[in-house]
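Letter by letter, the chains look like this.
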Amino acid sequence: MDHERDLETEGMMPMGNNGKEERTETRSGLERLREPLLLKNNRMNTTSQLAIIGANVCPIESLDYEIIENDLFKQDWRSKAKAEIGQYVVLKWALALLIGLSTGLVAFFNNIGVENIAGFKLLFTNNLMLSQKYYQAFAVYVGCNMVLAIAAAVLCAYIAPAAAGSGIPEVKAYLNGVDAPSILAPSTLFVKIFGSIFGVAAGFVVGKEGPMVHTGACIANLLGQGGSRKYGLTWKWLRHFKNDRDRRDLITCGAAAGVAGAFRAPVGGVLFALEEAASWWRSALLWRTFFTTAVVAVVLRGFMEFCRAGKCGHFGEGGLIMFDVNSANPAYSIPDLLVVIFLGVIGGLLGSLYNYLVNKVLRTYSIINEKGPIFKILLVIIISILTSCCSFGLPWLSKCIPCPPHLGDQCPTVGRSGNYKNFQCPPNHYNDLASLFFTTNDDAIRNLFISGSDKRFLLSSLLIFFVAMYFLGIITYGIAIPSGLFIPAILAGASYGRVAGSLLSPFTVLDVGLFALLGAASFLGGTMRMTVSLCVILLELTNNLLMLPLVMLVLLISKSVADCFNKGVYDQIMEIKGLPYMEAHAEPYMRQLIASDVVTGPLFTFSGIEKVGNIVHALKVTRHNGFPVIDEPPFSDAPELCGLVLRSHLLVLLKHRTFTKQRGMTGSSIMKKFKAHDFAKPGSGKGIKLDDLDISEDEMEMYVDLHPITNRSPYTVVETMSLAKAAVLFRELGLRHLLVVPQTPGRPPIVGILTRHDFMPEHVLGLYPKFNPHK
């Protein structure tokens, strides 16, 4: 639609050209009233309606978290019996239970898959190394990694591009009110599970924790679809969940369950959902989220007991028993606190630099990924070869260390998973760098957290490992595989934490293994900018509650230092992807503007009883999802705002052809013909499209009563309200449309509509470039 067309149609649509004869008497007065609006709102919102989801560019739209209180909804609510309300509450808890069970099963399957695939790969390579067939071992190692990497990349490139990356920014944006195709689809769930297993087993410096959050959200979305006609799931109980509000709550539970499944940290999962993922929170949701994560913890605990009997393969136990390996007693004094503060400052500086470099790499990769699936796969192959060369080549730089005598046959590790890799060393020696590189990421973290008295690392080995993890983590995130940032951050942070512990050992009594934990906390705080949830997750991971004060201190300092330079990594990724995220606070420059300053056109309105042709025309020439409804004489004394009608509801009404030849009130017949669930949001289907409608020319001249489907109580603000207040109201209530009404009588009853994109900095600063975005 070109610019001239926008100016012609703005503010003109209660009455397209076809309706002029019927309303000649009131027309001139209405046109005179609408003229200032037409002249004022000739600006348009040019913010992008596209975003990068996973590794693909997709159209986005907002979610309807507001309850649409139209006449049909009220009729349905009044007719509900107590038994139906009870069923709804029971079903909410039942779905929370199912989300917990399903996510726990997937977490177990993930761990077993990674441990066994990676374990057999490493065992085969290690056997060749023991036979001194080094070139063959290198070829097998690189080949296995490349096959697994290609498998993950093909799944992401061809089946579900939305599954690439962490998934946490997409889930966070969804819970803020941003929807996109395939973001939580069943195909995305499938690729997220298997792509994550293949990617982590391929030796990439990625974790399965971020993808597990996305996986939990996908499971919750699948269970909360409200049934599916395609698969015959039309049980009437499920109709309760055919709305964005209930789905949002279930997906919050799913995100928390994902963290609980990945880290075996149920309380940390709840706090992660509260602090990082969810934009709206209430006590009832806290209960259900806690229940969901508790179910995940019970499921994982049961499988751990099952695996201890050796029924999960040779390497099946390690992935579920996290990093509770350090039994050192943390005694500390004032000098130790100064060392911890220093570590927090270093973590903040390194974390902010990490975010800056990830930002640059993601922008570069997005250009490559846009060229097509083949280029995505080639990029994955290049990073796989580079990672394999580092993992196999760098341990050769390390010296062989004699095994501690008290370990007996535990050192060196031969033919099993363990902490003392022999690599190229003679008998009774181990290679400390191979123990970090030539193993799974989980085992590498266990090695770094181990007490200094139980294992010695050369300073040079730790520095090499830190540099490798830091830069491999940066260049790996953004390729077309499911990849989390938690594990790379823990690996890099723990390695420099152990270096700091070794260098500062004359000044502190803390064990180097505890320094590794504090280093991991400082780097996580510097990159992700979370505090409470990270603190609890790390304590649940390491089973060391005595470290609580020091972990709290280091997280607060690292976050404070890093915030001086840039945003958290997930906020940066959302910005790069173009996801219009509404912050909890308004920008300072918004206090200098009022709501009407950013309202954009064209504004299309409908009469309470509108001509079918006008509705079809408006739906064709715009992508708007909400339209103000205005009652006009003879149905009211003067033009007045009736409410807001949704595009999806109009399409349902048009599809069922509830038209009349005469212009009159027919709401009662519509109320008898429809139920509220007929207008409910479709599940994974696409719903009714305008192209699906076949309306004849005669029907175009007929009328339809919009009153029964009009939300009679939309949220409105007066045009002189501060834009900062309007932004906070919009975000806190989870709105999709906020109607702006005039301050003085005698003007048109509606000034415009504010949507999410009207609050975006690029739109506001585009209209008013004189404002400083930081003031």
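Residues numbered from 1 in each chain as written. Predicted model: local features only at pLDDT ≥ 70, side-chain atom pairs only at ≥ 80, totals over all residues. Heavy atoms only, no water.

A separate point is the sheet that holds strand E7 (residues 606-607). Taken in spatial order, the three strands line up as E7-E9-E10 in an open sheet, and their pairing is mixed. The sheet is open, and its two borders are formed by E7 and strand E10 (640-646), each paired with just one other strand. Looking at chain direction, E7 and strand E9 (residues 626-631) are connected through two bridges and run parallel. Residue pairing across strands places Phe606 opposite Val629, the latter belonging to E9. (Pairing = 2+ DSSP bridges. Helix = DSSP H or I, 4+ residues; strand = E, 2+ residues; numbered from the N terminus.)

Right, let's get into the pairing of E9. With six of six residues buried, E9 is to be regarded as a mostly interior element. Along E9, one buried face is formed by Gly626, Pro628 and Ile630 and the opposite face, lined by Phe627, Val629 and Asp631, is buried too. With six bridges joining them, E9 and E10 adopt antiparallel strand pairing. Among the inter-strand pairings, Gly626 is bridged to a residue of E10, identified as Leu646. (Buried < 20%, exposed > 50% of the residue type's maximum accessible area, 1.4 Å probe, protein only.)

Here the focus is the packing of helix H12 (residues 334-369) against helix H16 (residues 459-476). Contact pair H12 / H16: the axes reach a minimum separation of 8 Å and the direction vectors enclose 40°. As the angle between them shows, H12 and H16 are arranged oblique. Contact with H12, carried on its side by Leu350, Leu353, Tyr354, Leu357, Val358, Val361 and Tyr365, involves Phe466, Tyr470, Phe471, Gly473, Ile474 and Ile475 of H16 and no other residues of that element. Among the residues making up the contact of H12 with H16, the classes are represented as 12 nonpolar, one polar and no charged. (Axes fitted to C-alpha atoms, helices over the stretch in contact; angles between N-to-C directions. Parallel < 35°, antiparallel > 145°, perpendicular 65-115°, else oblique. Contact = heavy atoms within 4.5 Å. Nonpolar A, V, L, I, M, F, W, Y, C, P; charged D, E, K, R; others polar.)

This brings us to the sheet that holds strand E12 (residues 716-718). Sheet strands pair via backbone hydrogen bonds, and the direction of the pair is either parallel or antiparallel. An order of E12-E13-E14 is seen for the three strands of this open sheet, with the pairing classed as mixed. Both edges of this open sheet fall to E12 and strand E14 (752-754), since each of them pairs with a single strand only. For this sheet, the mean inter-axis angle between neighbouring strands, taken without regard to orientation, is 35°. Inspection of the sheet shows strand E13 (residues 738-741) paired to E14 by three bridges, in the antiparallel sense. Residue pairing across strands places Leu739 opposite Ile753, the latter belonging to E14. Packed onto the sheet, helix H26 (residues 723-733) meets E12, E13 and E14 and runs at close to 150° relative to E13.

Bringing helix H23 (residues 647-655) into the picture now. The element H23 is largely enclosed, with a buried count of seven among its nine residues. All of the buried residues along H23 are Arg647, His649, Leu650, Leu651, Val652, Leu653 and Leu654. Within two residues after H23, Arg657 carries a phi angle of roughly 55°, on the positive side.

Glancing now at the pattern of salt bridges. This structure, assessed with the given rule, holds 20 salt bridges. Among the ionic pairs, Arg736 bridges to Glu61, the shortest N-O distance being 3.7 Å. A residue pair is termed long-range when its members are at least 10 positions apart, and Arg736 in the loop between H26 and E13 and Glu61 in strand E3 (residues 61-62) qualify at 675 residues. On the basis of relative accessibility, which here comes to 41%, the residue Glu61 falls in the partly exposed class. Residue Arg288 is joined to Asp249 by a salt bridge in which the shortest nitrogen-to-oxygen separation is 3.8 Å. (Salt bridge = Lys/Arg side-chain N within 4 Å of Asp/Glu carboxyl O.)

Before going further, it helps to examine the layout of surface pockets. For the second largest pocket, the calculated volume is near 1,400 Å³. Taken together, 46 residues form the lining of the second largest pocket, with Lys567, Glu575, Tyr581, Glu583 and Glu587 sitting closest to its centre. Sorting the residues of the lining of the second largest pocket by element identifies helix H10 (266-277), helix H20 (548-563), helix H21 (569-577), H26 and helix H27 (761-767) as the ones contributing at least two each. Broken down by element, the lining of the second largest pocket gets its largest block of residues, five residues, from H21. Taken together, the residues that form the lining of the second largest pocket break down as 25 nonpolar, eight polar and 13 charged. (1 Å grid on protein atoms, 1.4 Å probe; cavity = no way out; pocket = protein on both sides within 12 Å on 5 of 7 lines; lining within 4 Å. Points joined across faces, edges and corners; volume = space filled by probe spheres on them.)

Summed over all chains, the structure comprises 23 aromatic pairs. Both rings, one in Phe109 and one in Phe194, keep their centres 5.8 Å apart while their planes meet at 75°; by these two values the pair is edge-to-face. Pair noted here: Phe109 is in helix H4 (residues 82-130) and Phe194 is in helix H7 (residues 186-201), with a separation of 85 residues, a long-range link. Assessed through its relative accessible area of 39%, Phe109 is described here as partly exposed. Phe194 sits in the partly exposed class, given a relative accessible area of 28%. A centroid spacing of 5.6 Å and a plane angle of 50° characterise the contact between Phe466 and Tyr470, whose relative ring orientation is tilted. Of this pair, Phe466 and Tyr470 are both found in helix H16, four residues apart, which corresponds to roughly one turn of the helix. We note that Phe466, like Tyr470, is buried. (Phe/Tyr/Trp six-rings, centres within 6.5 Å; stacked < 30°, edge-to-face > 60°.)

On to the side chain of Ser558. Tracing the chain through its elements places Ser558 in helix H20. Once you skip the residues sitting within four places of it in the chain, Ser558 turns out to touch Gly344, Gly347, Gly348, Ala521, Ser522, Gly525 and Gly526.

Time to look at the environment of Ile630. Its location among the elements puts Ile630 in strand E9. Taking the C-alpha atoms as reference points, Ile630 and Leu641, separated by 11 residues in sequence, lie 4.6 Å from one another.

To continue, consider the packing of H12 against helix H17 (residues 486-503). Packing of H12 against H17 leaves a shortest axis separation of 11 Å and a crossing angle of 145°. Considering only the axes of H12 and H17, their crossing is right-handed. Across the interface between the two elements, Leu343, Ile346, Gly347, Leu350 and Tyr354 of H12 pack against Pro488, Tyr496, Gly497 and Ala500 of H17. Residue classes in the contact of H12 with H17 are distributed as seven nonpolar, two polar and no charged. (Left-handed = near helix turned anticlockwise from the far one by under 90°.)

The next subject is empty space enclosed by the protein. A full pass over the atoms with the stated rule returns five cavities of 30 Å³ or more. If you add up the space inside the largest cavity, you get close to 180 Å³. Lining the largest cavity we find 20 residues, and of these Gly203, Ser391, Phe437, Thr439 and Asn441 sit closest to its centre. Mapped by element, the contributors of at least two residues to the lining of the largest cavity are H4, H7, helix H13 (373-393), helix H14 (432-437), helix H15 (441-449) and H16.

Take the confidence of the model for the chain next. The predicted model of the chain has a mean per-residue pLDDT of 84, with 87% of residues at 70 or higher. No element of the chain has a lower mean pLDDT than helix H1 (residues 3-9), which averages 34, and none a higher one than E12, which averages 96. Segment residues 1-41: pLDDT under 50, and 78 contacts once partners within four positions in sequence are set aside and those in other chains are kept. (pLDDT = per-residue confidence, 0-100.)

A word on the nonpolar core. Core analysis: the biggest nonpolar cluster contains 145 residues, and Phe204, Phe465, Phe486, Leu518 and Val551 have the highest contact counts within it. Apart from residues lying up to four places away in sequence, Val551 is in contact with Leu518, Ala521, Cys535, Leu538 and Leu539. The next biggest cluster of nonpolar side chains, apart from the first, holds 31 residues, and it includes Cys642, Leu651, Ile670 and Ile709. (Core = buried A, V, L, I, M, F, W, Y, C linked by side-chain atoms within 4.5 Å.)

With respect to the element layout, Thr125 can be found in helix H4. Among the residues examined, Thr125 registers a relative accessible area of 0% and is labelled buried. Discounting chain neighbours no more than four positions away, the residues touching Thr125 are Ala137, Val140, Tyr141, Phe392 and Phe438.

Unlike most non-glycine residues, Arg264 shows phi in positive territory, near 55°. One can find Arg264 in the loop between helix H9 (244-263) and H10. Note on Arg264: relative accessible area 21%, which makes it partly exposed. One non-glycine residue, Arg529, adopts positive backbone phi at about 65°. Structurally, the position occupied by Arg529 is in the loop between helix H18 (512-528) and helix H19 (532-542). Residue Arg529 is classed as buried on the basis of its relative accessible area, which comes to 8%.

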